[in-house]
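What the coordinates show
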Amino acid sequence: MILMRISFCLRCGLTLLGALALLYALSYPDSLLPPSPDVEYVQGFTVYDIKPIIWLIPLLFMELVSGLGTHRNKVWFMAMGTVLIGGVVAFPVLRAWSPELVTRTLPFEDGKLEWGLFYFALITAASFLLRCGLFVYLFREPHQDDQDENALDSDVLDPAHALTVREIAAHPVRAKVRFLFGAPDQSVIERFMMLVRRLIFLRRRRGAIYLLLGALLVLWFFLYPQPSPSEALQRDLRVMYEHTRQGDGTCRATSRAVHAALRVLRYVSDKEIFAGKTLQQAREWLQVRRAPADYRAQLLDDSDMRLASVDDVFDSRTRFFTVSDGKRTAALFIFTDKEGNHINVSETVDAGWNAIADDRRRKFGTDVSARFFSR
């Protein structure tokens with residue numbers, strides 16, 4: 001008995017890990033197999049060929065582990081339900097504090113948690129229909145005739161002993177009722193009815209509790225306080241200065257900081273926030289004072305920097321503010337007046353989110369520049 005319980009708990013734990021891996025594979029496939037422009041030049045089969053169905057790996061693992069013992073449906077739905085409810089609970093919190101985990105920062109990113117949860121819910125619903133509906137119907141145990149109260153032996157149905165309708169009507173079979181007990185005990189009946197009412201009450205109370213918990217989950221999902229646009233901007237201005245120190249003494253932004261910086265810089269360039277401002281006013285708006293002196297100098301470095309998404313052969317822009325985590329980069333470029341004191345136009349450039357998108361944008365920039373300067 002103890003070994004069976006240990007086995008059951010182990011299967012539940014492994015299936016739960018598989019469900020977490022399934023949600024991650026549905027939400028962030030690019031983190032498992034980052035897009036690469038070199039794949040199109042590779043002949044034959046590559047691991048990228050299974051990227052669209054990579055989520056089947058944890059799904060098959062769950063199926064294998066949950067089916068190694070009894071109560072496989074209980075193990076399966078316990079894991080799927082736990083992860084689904086956990087994802088729904090975490091969704092509004094992440095949307096408020098780390099939106100890059102929930103929605104796309106750039107249009108060429110993977111679906112993030114919003115699409116991952118949607119597909120995960122579809123898989124859960126489909127598995128319920130299959131496991132509790134179709135499979136039960138297709139693979140139910142054969143009916144045993146010896147357990148059927150209405151089953152009759154073949155000799156009873158012998159035509160030689162058959163009776164006509166008139167014979168049956170003339171000699172009807174009357175059951176002889178013989179009571180084995182005396183008068184009914186009303187106290188026993190009352191106790192039985194109390195037990196039935198108690199069971200009905202417990203069933204209804206359990207249903208009400210489930211309904212209440214479902215309503216609370218829906219209210220949590222839709223009514224969790226979300227920051228206003230101005231609050232989200234201030235949050236990103238604070239977060240984009242998060243960094244870690246490397247062994248060589250340099251600073252590197254966190255992944256969360258780069259996403260926040262990209263949202264801030266895109267807001268600056270889209271709204272023309274820096275148009276007519278001096279360089280010092282732009283730095284004050286960006287709140288660069290939040291960063292330590294050495295990291296601040298790194299953020300404001302205006303030396304030439306090669307970005308994977310930009311062809312900078314004919315580039316005349318000035319790099320004004322750059323945040324990078326070593327893989328992803330968000331940079332703000334500016335065009336100033338003749339004196340170089342005021343900003344006329346600002347432009348946000350991203351690189352490192354998607355290598356294929358970076359390669360295409362760089363090639364497009366090269367083609368445009370070549371056609372322009374060949375006139």
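Residues numbered from 1 in each chain as written. Predicted model: local features only at pLDDT ≥ 70, side-chain atom pairs only at ≥ 80, totals over all residues. Heavy atoms only, no water.

**As for the overall build of the chain**
Counted only if it meets this: Where helices and strands are cited, they refer to DSSP runs of H or I of at least four residues and of E of at least two residues respectively, numbered from the N terminus. Relative accessible area decides the class of each residue, using a 1.4 Å probe on protein chains only: under 20% of the type maximum gives buried, over 50% gives exposed, and in between gives partly exposed. For accessible areas, the Shrake-Rupley method is used with a probe of radius 1.4 Å. Any residue's cover is judged against the shown protein chains and nothing else.
Of regular secondary structure, the chain possesses 12 helices and 5 strands. With 375 residues in all, the chain has 30% of them scored as buried. For the chain, the accessible area works out to roughly 25,500 Å², and carbon and sulfur atoms hold 62% of it.

**Concerning the sheet that holds strand β4 (residues 329–336)**
Which entries qualify depends on this criterion: We call two strands paired when DSSP finds no fewer than two bridges between them. A fitted line through C-alpha atoms serves as each axis, taken over the contacting stretch for helices, and the angle formed by two N-to-C directions is quoted from 0 to 180°.
Spatially, the 3 strands line up as an open sheet ordered β3-β4-β5, and their pairing is antiparallel. On the outer flanks of this sheet lie β3 (318–324) and β5 (343–351), each paired with one strand and no other. Here the strands of the sheet are splayed against their neighbours by 20° on average, with no regard to which way each runs. Looking at chain direction, β3 and β4 are connected through 6 bridges and run antiparallel.

**So, the packing of aromatic side chains**
Given two aromatic rings, their pairing is described by the distance between the two centres and the angle made by the two planes. Spelled out, the test is: Aromatic pairs are defined between Phe, Tyr and Trp rings, using the six-membered ring for Trp, whenever the two ring centres lie within 6.5 Å; interplanar angles under 30 degrees are classed as stacked, those over 60 as edge-to-face, and all others as tilted.
According to the stated counting rule, one finds 12 aromatic pairs in the structure shown. Summarising the aromatic geometry, the rings of tyrosine 241 and phenylalanine 321 are spaced 6.3 Å apart at their centres and angled 80° between planes, so their arrangement reads as edge-to-face. Pair noted here: tyrosine 241 is in the loop between α8 (229–239) and β1 (243–245) and phenylalanine 321 is in strand β3, with a separation of 80 residues, a long-range link. With centroids separated by 5.7 Å and ring planes inclined at 85°, the aromatic side chains of phenylalanine 274 and tryptophan 285 adopt a geometry described as edge-to-face. Taken together, the positions of phenylalanine 274 in the loop between α9 (255–271) and α10 (279–286) and tryptophan 285 in helix α10 put the pair 11 residues apart, joining distant regions of the chain.

**A few points about the nonpolar core**
As a reminder, the rule being used: Among buried residues, the Ala, Val, Leu, Ile, Met, Phe, Trp, Tyr and Cys ones that are joined through side-chain atoms within 4.5 Å form a nonpolar core. Note on definitions: a residue-residue contact is assigned when non-hydrogen atoms from the two residues lie within 4.5 Å.
Counting residues in hydrophobic clusters, the biggest one holds 31 residues, and the most contacted among them are Met240, Tyr241, Phe274, Leu286, Phe320, Phe321 and Val323. When contributions to this core are tallied by element, the ones reaching two or more residues are α8, β2 (251–253), α9, α10, α11 (293–299), β3 and β4. The dominant element in this core, judged by the number of residues it contributes, is α9, at 8 residues. Once you skip the residues sitting within four places of it in the chain, methionine 240 turns out to touch Ala257, Ala260, Ala261, Val264, Leu286, Phe321 and Val323. Counting 17 residues, the second largest nonpolar core, distinct from the first, contains Leu23, Leu59, Val102 and Leu113.

**So, unusual backbone geometry**
The backbone of histidine 71 sits at a positive phi, close to 55°, despite the residue not being glycine. Within the element layout of this structure, histidine 71 appears in the loop between α3 (56–66) and α4 (72–97). Judged by relative accessible area, histidine 71 falls into the exposed class, the value being 53%. With phi around 65°, lysine 112 is a residue other than glycine that occupies positive phi space. Relative to the elements of secondary structure, lysine 112 occurs in helix α5 (residues 112–138). Among the residues examined, lysine 112 registers a relative accessible area of 9% and is labelled buried.

**Looking at the environment of glutamate 231**
Note the following rule: Distance and chemistry together define a polar contact, namely a pair of N or O atoms within 3.5 Å, with one atom able to donate a hydrogen and the other to accept it when in protein, and with adjacent residues in sequence counting only for side-chain atoms on both sides.
When you line up the elements, glutamate 231 lands in helix α8. Within polar-contact distance, the side chain of glutamate 231 engages the backbone nitrogen of serine 228 at 2.9 Å.

**Considering the pattern of salt bridges**
Test applied: The term salt bridge refers to a side-chain nitrogen of Lys or Arg lying within 4 Å of a carboxyl oxygen of Asp or Glu.
Under the counting rule described, the total for this entry stands at 16 salt bridges. Residue aspartate 325 pairs with arginine 328 through a salt bridge whose shortest N-O separation is 3.8 Å. The pair formed by aspartate 325 and arginine 328 is uniform in burial state, with each residue classed as buried. Linking aspartate 358 and arginine 361 is a salt bridge whose minimum nitrogen-to-oxygen distance equals 2.6 Å. Of the two residues, aspartate 358 and arginine 361 are both situated in helix α12 (residues 355–373); the distance of 3 residues between them amounts to about one turn of the helix. When its relative accessible area of 3% is taken as the criterion, aspartate 358 is described as buried. Judged by its relative accessible area of 30%, arginine 361 is partly exposed.

**So, α4**
How we decide: To estimate how far a helix should extend, the number of its residues minus one is multiplied by 1.5 Å.
For α4, with 26 residues, the first-to-last C-alpha span of 37 Å sits near the 38 Å given by 1.5 Å per residue. Within α4 the residues assigned to the buried category are Val75, Trp76, Ala79, Met80, Val83, Gly87, Val88, Phe91, Pro92 and Ala96. On its buried face, α4 is in contact with α1 (2–27), α3, α5, α7 (186–223) and α8.

**Observations concerning a nonpolar patch on the surface**
Convention followed: Like charges are joined within 9 Å and nonpolar side chains (Val, Leu, Ile, Met, Phe, Trp, Tyr) within 5 Å, but only among residues with over 30% relative accessible area and no salt bridge; these make up the patches.
There is a patch of nonpolar side chains on the surface, built from Ile209, Tyr210, Leu212, Leu213, Leu216, Val218, Leu219, Phe222 and Leu223 and spanning about 970 Å² of accessible area. With respect to the helices and strands, phenylalanine 222 occurs in helix α7.

**What to know about the side chain of aspartate 359**
Note that aspartate 359 resides in helix α12. The class of aspartate 359 is buried, set by a relative accessible area of 12%. Of the polar contacts made by the side chain of aspartate 359, one reaches the side chain of arginine 362; its length is 2.7 Å.

**Details of the side chain of arginine 328**
Along the chain, arginine 328 turns up in the loop between β3 and β4. By relative accessible area, which is 18% here, arginine 328 ends up buried. Residues in contact with arginine 328, not counting those within four places in the same chain, are Ser255, Val258, His259, Val323, Ala351, Gly352 and Trp353.

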